[in-house]
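An overview of the molecular structure
The lines below spell out each chain.
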Amino acid sequence: MSSKFQANLHCMGVSVDLSQEVTLSLKNMKRWHSAFAKIQCSMALLSLFREVLAKNHKKILPISPREVVISIGKSRESSHFCNIDGSFLSKIVKEKSIEGLLRAGGVEGIATSLQTDMHRGIVGHFEDILRRTEVFGSNAYLEPPTMSFFHFVWEAFKDPTIIILLVCAALSLGFGIEENGPKEGWYDGGSIIVAVFLVISVSAVSDFKQNRQFEKLSKISNDIRVEVVRNGRRKHSSIFEIVVGDVICLKIGDQVPADGLLVEGHCLQVDESSMTGESDHVEINSDLNPFLVSGTKVVDGYGKMLVTSVGMNTSWGEMMSTMISRNTNEQTPLQERINELASGIGKVGLAIAFLVLVVLLLRYFTGNTEDENGNKEFHGGGTKVDDAVNKVVRIIAASVTILVVAIPEGLPLAVTLTLAYSMKKMVADQAMVRKLSACETMGSATTICTDKTGTLTMNQMEVTTFWLGKESMQGKNHTLIAANVLELLHEGVGLNTTGSIYRPNESTHNIKFSGSPTEKALLSWAVFELNMNMEKVEKDSTVLYVEAFNSEKKRSGLSIKRFQDGVVRAHWKGAAEMILAMCTHYYDTKGNTLAFDDFERLKFRELIREMAASSLRCIAFAYKHVSDTEHGDGEIYNKVQDTGLTFLGLVGLKDPCRPGVKKAVEDCQYAGVHVKMITGDNIFTAKAIATECGILGPNHEINDGSVVEGVEFRNYTEEERMERVEKIRVMARSSPFDKLLMVQCLKKKGHVVAVTGDGTNDAPALKEADIGLSMGIQGTEVAKESSDIVILDDNFASVVTVLKWGRCVYNNIQKFIQFQLTVNVAALVINFVAAVSAGEVPLTAVQLLWLYLIMDTLGALALATEKPAKELTHKKPVGRTEPLITNIMWRNLLAQALYQISVLLILYFRGEHFFQVSKRVNHTLIFNTFVLCQVFNEFNARKLEKKNVFEGIHKNKVFLVIIGVTLILQVAMVEFLEKFADTERLSWGQWGICAGIAAVSWPIGWLVKCLPVPKRPLFSLLKSALKC
């Protein structure tokens, strides 16, 4: 045993010399394992000790060498994969080197070196995965560096208005200290600096958190699920868990998860445009081009690949390493409109701030301003330079602060917060947003074109009906079927499939089926009802050629050759009426072949129609014995005979409708959104399911124009399509091109179209639609990449949830616009009137910055976190060109702004006389009343049309917390930070007066909502009035 131990270590480059007995207990083994792990040799020792313990049943083992000398010169790669080099494998695929592949012994030789069974995959236990990851790396790519919190702080500092304020604050600080000393002179300048830093911090925190949220969603989006074979069993795994040596199953629509080599496949074609820019599809075969490159997409066929390189060692990883910058500045259409609105308001604010600056400077230098004692502030040459400069700095600071409040920077922040919040909540509601613009666009959707299978139905297929010839065999024993027919059915089901069966032992109770729901249902039926032995079926024949299923052909076929007698057979499976049209004969239960005449064919068609009307998906099987005279040399290897077939049988699969789907369809229709079902199923199946789901009424007939087949719609003239497209509710036997055609027609008619899709061929329609919705479970990677939103549970009810969130996003932003514009209008008018008439502004720079904080950041957060309300689905969709600020919003905000302006100007000019208070206390009353008005108005902004603004408020804890925090901070500003905020402490009575004045905004908000508003947009009415 000692010699074997040394031999194992020698393979690793480790020399061992021990002269005393060593007892290997479990404890000692763990110590050895820990020590060798630190020098990257743990796996070799663990493997050795396990072998020893297994043979000796955990007996004590004597080992006689005495001294251990360890060399760490060689890598782990040499110990576990002595005959293979990772860089060599990577080079073979990147250069597509057939010569290099042959030198390595072909795919079989590389698989052997990687300790991979090409049929059963790798062992796949934890230690095996860990060893492969250590040697060859993990399947992860370089990511752009995460932006730190200080990055967002620095970005906030770059704002020109913030810079001007800081300069003014620094000057004010210097003059103040020089005039009043360090103890008292720092208050004016220092307060502005503190307020500015507070605004910057809150803004940076908001940006930082939403950036983290987007990064989390990006990671979820990149976590692709792939089908991998490990220890003989197919399982779905994350793309990040793939290791070198894995065997991956590929089908149409899959993304190739790593670089590798084709093990086996049929008609496999990939789209390498993401790597080469060439749009032509590349055929992958075992002889000339077995190389599969990560990041490419499977567009046809299916197969298995052996992973040879992962992560940064792949072609995709190499490309990604040069493109690790990420564009985080995606602008949605709504964000662009918001920015335009903010820019327009900012220009008005800039003009008013400039006027205030000019007026204040003129009044000061002409001697029309007084200090707190009633003395003139400017005496020409008798005024100190420091005093004059200090006063000018204060005037500039006040003007700049007005500009800060006037520029609605909170609008873009509100959009970002709303989108980030809704994206997070939508993931919890089974919808993952891939493109930000989809959040808002979905709220405007007028039509949803949905698939049937898996979206409206549960995608849990089960064979409920089986017809052999003209006799129903459901529930009958398979022994009643003739042996030759049963054998053909076994071949047709077991070989013409992309699914698989995993049987861990001889027990039939623990069989696992993999593949699509349809394939799993058929395999399960064949195993349990027809007594099919999958292993025997596969061993008895070899596959010559495969025509893979796609949504256009709606069938799949293959040619096989039996080992026993060399007979070549063609097997077909697919849509029942299409397979029936290819057949000239059929089998009965006794194995007799009977010819189809017109009458028999009509009876079979009627049978298919009856099954379809019962919401069954009808799938037929057919075969043909291919004689030597029917094919030339090699023809059987590139074609499956599809004429003169013999009909084997017909099965009906039941896929029940999802619970709640009828209610979801009704919700859409009530919200003014039309639902159209586009499916590849039989027209009778489609009508039955659509009626069950509520898309069709019970009185709709197939010939009334609401139900059409894809070929019929395709053959319409352009005028006919445009005339009939809105009436169509169900399109059956449709191809992806038909779906694309319908989307284009609906968009031309002015609709905002949302489309669901799961297949590769759905990609054009998903891209063409205003909102592409792919399916997270059954959807291919091509479909997901072409979509805007991924429905994680494939459920139509989740599509309706996305619709509600889309409307909620738009509605929340409108709420904040109304709230902020009210403050903007009131603050600008009050400051401008006061500056022009009295030569000063009633609100200091610090007070305005505090108002800015309440209005922009806290207000945005409070109103952006409202959840979808029921009334959102009671409205019709928002049109593409409808104004962002509606007449209802203008009515609400102008009423509140006029009230605030009136009250605060009365307080400014007559407050000292009314309340018999000092000027400083009066200014504090103005500041306190203005802030409380905004707090009360936040409640009004919750509901744009409803009079009850408190409905559902207990559900929005964020809103209540922000209101509470705002009130606490306002009390602190007035009562405890007098010098910082330039305020005076108020009595209980004065607080009551401020709160009472602010509370009047509630009844005003209730009253103005009683006033009707014209449907025509306000600016359109103004233009018409001006023309008159």
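Let us look at the structure shown here. Sequence positions are assigned chain by chain, starting from 1 and proceeding in written order. Only residues with pLDDT of at least 70 are given local features in this predicted model, and only at 80 or more are side-chain atom pairs given and counted; all residues enter the totals for whole chains, interfaces and linings. Each side-chain value is worked out from all heavy atoms of the structure, with water and hydrogens disregarded.

**Notes on the nonpolar core**
Convention followed: Buried Ala, Val, Leu, Ile, Met, Phe, Trp, Tyr and Cys residues form a nonpolar core when they are joined through side-chain atoms within 4.5 Å. Buried residues are those whose accessible area, probed at 1.4 Å on protein chains only, stays under 20% of the maximum for their type, while exposed residues exceed 50% and partly exposed ones sit between those limits. Counting from the N terminus, the helices are DSSP H or I runs at least four residues long and the strands are E runs at least two residues long. Should any heavy atoms of two residues lie within 4.5 Å, those residues are counted as being in contact.
In this structure, Met 442, Phe 647, Ile 789 and Phe 796 are the most contacted members of the largest nonpolar core, which totals 177 residues. With 21 residues, helix α30 (residues 796–838) is the largest single contributor of residues to this core. For Phe 647, the residues in contact, after removing those within four places along its chain, are Ile 579, Leu 580, Cys 583, His 585, Tyr 586, Tyr 587, Phe 596, Phe 604, Ala 620, Phe 621 and Ala 622.

**Focus: helix α24 (residues 683–693)**
Burial analysis of α24 places nine of its eleven residues in the buried class, which makes it a mostly covered element. Considered for burial, the residues of α24 that qualify are Ile 683, Phe 684, Thr 685, Ala 686, Lys 687, Ala 688, Ile 689, Ala 690 and Cys 693. The secondary structure elements touched by the buried residues of α24 are α22 (598–613), β23 (616–626), α23 (661–670), β25 (674–678), β26 (707–709) and β27 (730–732). Of the residues one or two after α24, Gly 694 is the one with positive phi, at around 90 degrees.

**A few points about the packing of α30 against helix α32 (residues 887–915)**
Counted only if it meets this: For helices, the axis comes from a line fit to the C-alpha atoms of the stretch in contact; other axes are also lines fit to C-alpha atoms, and the angle between any two N-to-C directions lies between 0 and 180 degrees. When an angle is under 35 degrees it counts as roughly parallel; over 145 it counts as roughly antiparallel; between 65 and 115 it counts as roughly perpendicular; any other value is oblique. Two helices cross in a left-handed way if the nearer one is turned anticlockwise from the farther one by less than a right angle. They cross in a right-handed way if the turn is clockwise. For this classification, Asp, Glu, Lys and Arg are treated as charged, while Ala, Val, Leu, Ile, Met, Phe, Trp, Tyr, Cys and Pro are nonpolar and the rest, including Gly, are polar.
It is at 9 Å that the axes of α30 and α32 come closest, and there the two elements cross at 30 degrees. Considering their axes alone, α30 and α32 lie roughly parallel with respect to each other. Relative to α32, α30 is oriented so that their crossing is right-handed. Split into classes, the residues belonging to the contact of α30 with α32 amount to 17 nonpolar, seven polar and no charged.

**Section: the pairing of strand β14 (residues 462–468)**
The following threshold applies: Two strands form a pair only when DSSP identifies at least two bridges running between them.
Here β14 runs beside strand β24 (residues 645–654); their pairing, made up of five bridges, is antiparallel. Bridge pairing in β24 places Trp 467 opposite Leu 650. As paired elements, β14 and strand β15 (residues 471–472) share two bridges and run antiparallel to each other. Paired with Leu 468 across the strands is Glu 471, a residue of β15.

**Some words on the packing of aromatic side chains**
As a reminder, the rule being used: Note on ring pairs: Phe, Tyr and Trp rings are taken, using the six-membered ring of Trp, and paired if centres are within 6.5 Å. Classes follow the plane angle, with under 30 degrees stacked, over 60 edge-to-face and the rest tilted. A ring has a charge above it when a Lys NZ or an Arg CZ is no more than 6 Å from the ring centre and no more than 35 degrees off the ring normal.
Tallied over the full model, the rule gives 22 aromatic pairs. Relative to Trp 805, the ring of Tyr 421 lies with its centre 6.2 Å away and its plane at 65 degrees, an arrangement referred to as edge-to-face. You can see Tyr 421 sitting in helix α16 (residues 410–428) and its partner Trp 805 sitting in helix α30, a full 384 residues away along the chain. Considered together, Tyr 421 and Trp 805 belong to a single accessibility category, that of buried residues. An aromatic cluster of at least three residues, connected via ring pairs, comprises Phe 936, Phe 939, Phe 950, Phe 959 and Trp 1002. In this structure, Arg 555 is placed above the aromatic ring of Trp 572, and the distance from its NZ or CZ to the ring centre is 4.6 Å. Its guanidinium or amino end placed over the ring of Tyr 716, Arg 724 lies 4.6 Å from that ring's centre, counting from NZ or CZ.

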